[in-house]
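For reference, the chains in residue letters:
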Amino acid sequence: PVKPKFPAAAKKQTDEGAVAFVEYYWAALNYAWAKPDAEILADLGTPQCSVCDFFQKTADELKRKKQHVDAPSIEVNSAKLVYRTGTEAQVITEVSRTKASTVDQNGGVIRTNSPGSASRVFRLEWDRGWFVIELGEG
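To keep things clear, this report deals only with the structure shown in the data block. Note that the coordinates shown come from a computational prediction; the quantities given were computed from them, not determined experimentally.

Focus on the nonpolar core
Here comes step 1: Counting 35 residues, the largest nonpolar core has F21, Y25, W33, L41, F122, L124 and V132 as its most contacted members.
Here comes step 2: Sorting the residues of this core by element identifies α1 (15-34), α2 (50-64), β3 (88-97), β6 (116-126) and β7 (130-137) as the ones contributing at least two each.
Here comes step 3: It is α1 that provides the largest number of residues to this core, a total of 13 residues.
Here comes step 4: Not counting residues within four places of it along the chain, the set of residues in contact with F21 comprises F6, A10, L44, L124, W130, F131 and V132.

As structure tokens, this is what we get:
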């Protein structure tokens, strides 16, 4: 897997910056599970983001078990700003879950995702950078 580069736009407290950050978050998640490497997710969420914590723990567990996901799990179909006020923003994404498989170190398939689509909403906070406060169904 190729480690995604943090986009310059995501470093700005703008509408475009919030959207770029969320698109990067999905790319980082795909990388974290494919490598596996939870570190890429470590500084993207706030302590209260339980979903962020779950995603990070999943990457840690994959690494511990010498497993990985063989393809990107999530494809972003769209990402759109819902609102931005002061230090908070909300971005809604339409995503597709791919047919990626979790495999062991020998390539044996442990499980395969069922393809599907969903809306996911990111609530973000700006504090010298964007951070995920909450990630939920849209």
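A word on the packing of aromatic side chains
Describing an aromatic ring pair means giving the distance of the ring centres and the angle of the ring planes.
Here comes step 1: Within the structure shown, the criterion is met by 9 aromatic pairs.
Here comes step 2: Considering the side-chain rings of Y25 and F55, the 6.5 Å spacing of their centres and the 45 degrees angle between planes classify their relative orientation as tilted. Here the residue Y25 occupies a position in helix α1, and F55 occupies one in helix α2, the gap between them amounting to 30 residues. F55 matches Y25 in its accessibility class, with the two residues each being buried.
Here comes step 3: For the pair W126 and W130, a centre-to-centre distance of 5.1 Å together with 75 degrees between the ring planes defines the contact as edge-to-face. For the pair shown, W126 and W130 are each scored as buried.
Here comes step 4: Three or more aromatic residues link up through ring pairs in this structure, and these residues are Y25, W26, W33, F54, F55 and F122.

Overview of the sheet that holds strand β4 (residues 101-104)
Here comes step 1: Taken in spatial order, the 3 strands make up an open sheet running β1-β4-β5, and their pairing is antiparallel. Looking at strand neighbours, the two that pair on one side only are β1 (67-69) and β5 (109-112), the edges of this open sheet. On average, each strand axis in the sheet is tilted by 20 degrees relative to the strand beside it, whichever way the strands run.
Here comes step 2: Two elements, β4 and β5, share 3 bridges in a ladder whose sense is antiparallel. The residue of β5 that forms the bridge with S101 is T112.

Here is what the cut-offs are and how they apply
What you see as residue numbers is a count from 1 along each chain, following the sequence as written. Given that this is a predicted model, residues contribute local features only at a pLDDT of at least 70 and side-chain atom pairs are listed and counted only at 80 or more, while totals for whole chains, interfaces and linings are drawn from all residues. To get the side-chain values, take all heavy atoms of the structure and skip hydrogens and water. For our purposes a nonpolar core is just a set of buried Ala, Val, Leu, Ile, Met, Phe, Trp, Tyr and Cys residues, chained together by side-chain atoms within 4.5 Å. The buried label goes to any residue with under 20% of its type's maximum accessible area, the exposed label to any with over 50%, and the partly exposed label to all in between, with areas taken from a 1.4 Å probe on protein chains only. Runs of H or I in DSSP of at least four residues are treated as helices and runs of E of at least two as strands, each being numbered from the N terminus. Any two residues having at least one pair of non-hydrogen atoms within 4.5 Å are treated as being in contact. Pairing of aromatic rings covers Phe, Tyr and Trp, the last through its six-membered ring, and needs centres within 6.5 Å; plane angles under 30 degrees mean stacked, over 60 mean edge-to-face, and all others mean tilted. Strands are labelled as partners when DSSP assigns at least two bridges between them. Helix axes are fitted to C-alpha atoms over the stretch in contact, other axes to C-alpha atoms as well, and angles between N-to-C directions run from 0 to 180 degrees.

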